[in-house]
Each structure stands twice: as structure tokens, then as C-alpha cells.
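# Coordinate inspection notes
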Amino acid sequence: MILQISTTHNPATDLGYLLHKHPDKFQTLELSVGKAHIFYPEKSEAKTTISLLLDIDPIDMVRGARNLGGDGFALGQYVNDRPYVASSFMSVALSKAFSSAMNGKCKDKPELVEVKLPFEVTIAIIPAPKGGEILIRKLFEPLGYQVDLTRHQLDTKFPEWGESKYYTLKLTHTITTKELLSHLYVLIPTLDNDKHYFVSESEIEKLLQKGEGWLNDHPEKEQIIRRYLINLNSLSRLALKRLSEGEEMDEIDDELAEQTEKQKRKETLHDKRIKLVAEKILESGAERVLDLGCGEGKLIRQLLPKKQFSEIAGMDVSYRELMKAKERLRVEEMSPKQKERITLFQGSLTYKDQRLEGFDAAAVVEVIEHLDVNRLKAFERVLFEFAKPKTVVLTTPNQEFNVMWDTLDADDMRHDDHRFEWTREEFSAWATNVGETYNYTVALFPIGDEVENIGAPSQMAVFTYGN
Ligand code: SAH
């Protein structure tokens, strides 16, 4: 991951003074998760370029137990995009490498601090989450930058695989060095969905300090703050309040209220889904239940108070999710008798596993869309041929409903990790085929409010063995 800053200011070698980095030296800084190398690939009075090369060590990241990205698959902690993209690590490196310049200081040529220089910044690579290119433009263009984006293919050898979410970003602007660095410091992590540090109130301090003089007037202020503080409403609210001290808060409050409402709606759908699944499992008369891809244990929490269930087991491929489930369900604080009813274990749905045998019912809630299509057959055999519970309750999104979400582009899926999303017809065809192959009867249900011609946001199949 490399960030380059060039200037054609005359003499361009002033960049060395401004950034307090000697053009003839190659320097290396130690970061908590790797190294940052600083060097000048070109230096002349006409044009000078400084490079900041980040060398992130994913093993270090795992050891430090930081937020690791790559959710949802077992090696995600080791195999992820962190070493290759501009992320919040870049901000850490920028502030460490150029702290004086960022604070508006220039020891040897203080008169340069106020000078606006023609800058060109190239960042390879930057991830663009949903909204991608539009979001990048919305963040930089209001500050006066000319934005050039080159989107990269997933693999140049296989152009048919299509485009990735990764871009090379080129920014051009005439601006002071302090302004440039503070914009980059705040806006790079704003684009990053996987932040590596815990968000605490001290992050607000950094944001306000670096955003001084420009953030308050930025039209995307709310979005920047929310994304920078990883969508934590209470912290964003606090930051906005402090930023606009003395200003009318009503407008912002309305906007935040609307977001909270949106979030609530989202929760309600998942709550509804979990409730419906729990009902179906109860109705089946099951005593031993299995939650496959249990995540943080939301369904298990619903099932626990029901005495009907003598044993509740949760399996997930992600150790991190299982740890979360253990914590959220407060397993450690349970009485020995309660503890005996619940088991959490790591495993994958696409491998035959004896631990899955002998259950009356299994739930598979919003999981199959995370499996690669070519592993679906394996999953069907693992569950319906080998584990063979009497009842299976399975849910998956209804792809037709995506048009109802204004945050999704037409061909976007609801989650970055979804490998497919099915229409009602596709789901019904799949479920019917599974039923016929493994001798289950199938009943299909909508989840959430139905819209004409589109259906409900999510869909559920209840499979019953035999008859
Ligand atoms: N059922 C939960 C979580 C849904 S998110 C709920 O409704 O709240 C999907 C979950 O499936 C994630 O926790 C992910 O780790 C898990 N998962 C993905 N692939 C899996 C696999 N092959 N085997 C087991 N779990 C898997």
C-alpha cells in the first residue's frame, strides 16, 4: 500500500522542509502492526514526490487481537485486504511520519506553512464500500480536489470475473500542507469499513482537531463523522454537538433521528425473523436443537428460556462470532444446569460432521447466502443426508426486495460477504428440489411486510422429514 505526494511548487524540493523529511534519506518507522517506509522516488526543483509505503504485517495484527477484517471465513484473520489497502493504518502512519507538518509547523522555513502548493496525491489502493465512487467524490470534491479514480479488475487474467471494490485514487489541489494532511487523515478511514482500533471518546478529540477549519462546513459532515466513528450513534452525536457548539441542533437531530429510525427498522426485520424461526422450532416439538451459523447467538437467546428445549447447540465457522455469542449469552454466569443445556462449537456447514447428528431440529438463519454456490451441494448433503434432523428451518434474503433499499445499488447485494441472493422463485425451486432429493416436505413463508410483485424482505423454508 503506497501513498505518494507530489508537488510542482517552485522549488519543489521545499517539500522536504515542509514534511521534515530529508530527500536523500530512506527512513523507516515502526508501527504497532508493521512498518512505514518513507522515500523520494523523484526530487528536482521542478517536481518532487515523497512516498509513504506501508508494510502491514497481518500476523502482528492477529497477535495484537485487533479488529481483523475478513469476517465470516476461518482464515479471515490472516487472509484479508489490510496489507494492501489504505485503511485507518494509513492515518496512523501519516500522523507519525508527518506530525509537525500536520500541526502546521515548519522549523526551517516557517514562511512555507501558509503557502498553498500545487499537490498531486496518489493512493494505491483504496477500498470503496457500497456507494463506492460516488462516496469518494462526495468526500473530496467539496474540499476543492479534482478526483481521478481508476477501478481495478478482480483479476486481470480473468476479466470475466468483473470489477473489484478497489481503486487507485488521484487527488489534485492547490492547498496548504497542513490542510492536505488533515483531509487525508480524516477521510481515508472514513472510507474504510474495517477499523482496527477501538472507538473511544479520544477518537472524537482527534477528529475535531484534524477537522478544524473545514469539517464543520463540509456538506457530508454527518456522514464523515458517522463513518469515522464507525457508525456509533452516541459518539457521532457527541462529536456533532461539539463541532457545532452554539449552532442550531434541530436539523442535525432530525437527521440522526431518521438514521436511528432506519437502524431500528433493520433490527426489527432481524428480530421478526428470529422470532418466527423460534416459533417454528417450538411448534415442531423439538427438544434438541441446533443453530447452524449461529453468529453471536441471537436465536439461541430466544430459545434458552423455553423449557421445551433440553439441549441447544450453536455452530459457527467463525471463532470470533462464537466468542461474542459466549459473552452475549453470559454463558460463564449461568448455573451449572443451564450451562449443561448449551454447547457452542466451531465447524463448517460444508463438511460432514458427527457432532451435527441426533438433533430434532436445526435452524440455518441467513447463512446459506454466505456459502459459495459450488459448496451448496456439500451443505445439502451434510445437513439433509447425514445430520438429518426431523425439522429444518432455513432463511435467506429475498433478492427481489433489494430495490426497496435506497442505500443499495441495483445489482448490489445486502452484505459484502454474500455470494448469492435468491428471488422467491429461485429459493422455492431450490427448496423443492432438496425436499424431493432427501425426502422432506417443504413449506415456504415470507418474513417481514410483503410488497406487491416484490414479496417480503426475507424468506423462510420449513423442511419436515418424511410424510
Ligand atoms: N444466524 C445468525 C448469523 C447470521 S450471519 C443470525 O441470524 O443472527 C452468517 C453466519 O454464518 C456468520 O456468523 C458466519 O460466520 C456463519 N458462516 C458462514 N459460512 C459458514 C460455514 N461454512 N459454516 C458455518 N457457519 C458459517
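A short tour of the structure in this document, coming up. (Residues numbered from 1 in each chain as written. Predicted model: local features only at pLDDT ≥ 70, side-chain atom pairs only at ≥ 80, totals over all residues. Heavy atoms only, no water.)

### A word on the layout of surface pockets
Counted as a void, the second largest pocket has a volume near 350 Å³. K178, E179, S182, E212 and W214 are, among the 18 residues lining the second largest pocket, the residues nearest its centre. If you list the elements that add at least two residues to the lining of the second largest pocket, you get β7 (163–175), α6 (177–190) and α7 (201–210). Among the elements that line the lining of the second largest pocket, the one with the most residues is α6, at four residues. When grouped by side-chain class, the residues that make up the lining of the second largest pocket number five nonpolar, eight polar and five charged. (1 Å grid on protein atoms, 1.4 Å probe; cavity = no way out; pocket = protein on both sides within 12 Å on 5 of 7 lines; lining within 4 Å. Points joined across faces, edges and corners; volume = space filled by probe spheres on them. Helix = DSSP H or I, 4+ residues; strand = E, 2+ residues; numbered from the N terminus. Nonpolar A, V, L, I, M, F, W, Y, C, P; charged D, E, K, R; others polar.)

### Focus on the site of the ligand
Around the ligand lies a shell of 16 residues, among which H270, G293, D316, L349 and V365 are the nearest. Within the side chain of S348, an N or O atom sits 3.2 Å from a nitrogen atom of the ligand. L349 is positioned such that a nitrogen or oxygen atom in its backbone is 2.9 Å from a nitrogen atom of the ligand. In isolation the ligand offers 570 Å² of accessible surface; the protein chains occlude 87% of this area. Tallied by class, residues from the shell around the ligand come to six nonpolar, seven polar and three charged. (Near = heavy atom within 4 Å. Polar contact = N/O pair within 3.5 Å; in protein donor to acceptor, adjacent residues only side chain to side chain. Areas by Shrake-Rupley, 256 points an atom, 1.4 Å probe, with all protein chains shown as cover.)

### Topic: helix α15 (residues 424–438)
For α15, spanning 15 residues, the distance from its first C-alpha to its last is 21 Å, which sits close to the expected 21 Å at 1.5 Å a residue. Buried within α15 we find F427, W430, A431, V434, G435 and Y438. Summarising the axial view, the buried residues of α15 lie within an arc of 135°, below the 170-degree limit, and thus occupy one face. Opposite its buried face, α15 presents the exposed residues E425 and E436, each directed more than 90 degrees away. Close packing links the buried residues of α15 with α14 (376–387), β12 (391–397), β13 (440–447) and β14 (458–465). Positive backbone phi, approximately 65°, marks N439, located one or two places after α15. (Expected span 1.5 Å × (residues − 1). Buried < 20%, exposed > 50% of the residue type's maximum accessible area, 1.4 Å probe, protein only. Arc of directions from axis to C-beta. Contact = heavy atoms within 4.5 Å.)

### Remarks on the sheet that holds strand β8 (residues 288–292)
If you walk across this open sheet you meet the seven strands as β10-β9-β8-β11-β12-β14-β13, and the pairing is mixed. Two strands in the sheet have a free side with no partner beyond their single neighbour: β10 (342–346) and β13. Neighbouring strand axes in the sheet, compared pairwise and without regard to direction, differ in orientation by 15° on average. Bridge count for β8 against strand β11 (residues 361–365) is three bridges, and the pairing is parallel. For L290, the partnering residue across the bridge sits in β11 and is A362. With respect to the sheet, helix α12 (residues 319–328) is in contact with β9 (311–316) and β10, its orientation differing from that of β10 by roughly 160°. (Pairing = 2+ DSSP bridges. Axes fitted to C-alpha atoms, helices over the stretch in contact; angles between N-to-C directions.)

### Focus on empty space enclosed by the protein
If a probe the size of a water molecule is rolled over the atoms, the empty space left behind becomes visible. By the definition in use, this model includes one cavity of 30 Å³ or more. Of the volumes computed, that of the largest cavity is approximately 40 Å³. For the largest cavity, the full set of lining residues is L18, A101, G104, K105, C106, V113, T177 and K178.

### Observations concerning the packing of aromatic side chains
Overall, the coordinates contain 13 aromatic pairs when judged by the stated rule. Between F26 and F39, the ring centres sit 5.7 Å apart and the planes meet at 15°, which makes this aromatic pair stacked. You can see F26 sitting in the loop between α1 (14–18) and β2 (27–31) and its partner F39 sitting in strand β3 (residues 34–43), a full 13 residues away along the chain. Members of the aromatic cluster, joined through ring pairs, are F384, F420, W422, F427, W430, Y438, Y440, F463 and Y465. Lying over the aromatic face of Y185, K210 brings its terminal NZ or CZ to 4.6 Å of the ring centre. Positioned over the ring face of F445 is K280, at 4.0 Å from the centre of the ring. (Phe/Tyr/Trp six-rings, centres within 6.5 Å; stacked < 30°, edge-to-face > 60°. Lys NZ or Arg CZ within 6 Å of the ring centre and 35° of its normal.)

### Some thoughts on the sheet that holds strand β1 (residues 2–7)
If you walk across this open sheet you meet the seven strands as β2-β3-β4-β1-β5-β7-β6, and the pairing is antiparallel. Strands at the two margins of the open sheet, each flanked by one partner only, are β2 and β6 (146–153). In this sheet, adjacent strand axes meet at a mean angle of 15° when their direction is disregarded. Along the sheet face, helix α5 (residues 132–140) touches β5 (117–127), β6 and β7 and points at about 160° away from the line of β6.

Remember that the coordinates give geometry; whether it matters functionally is a separate question.
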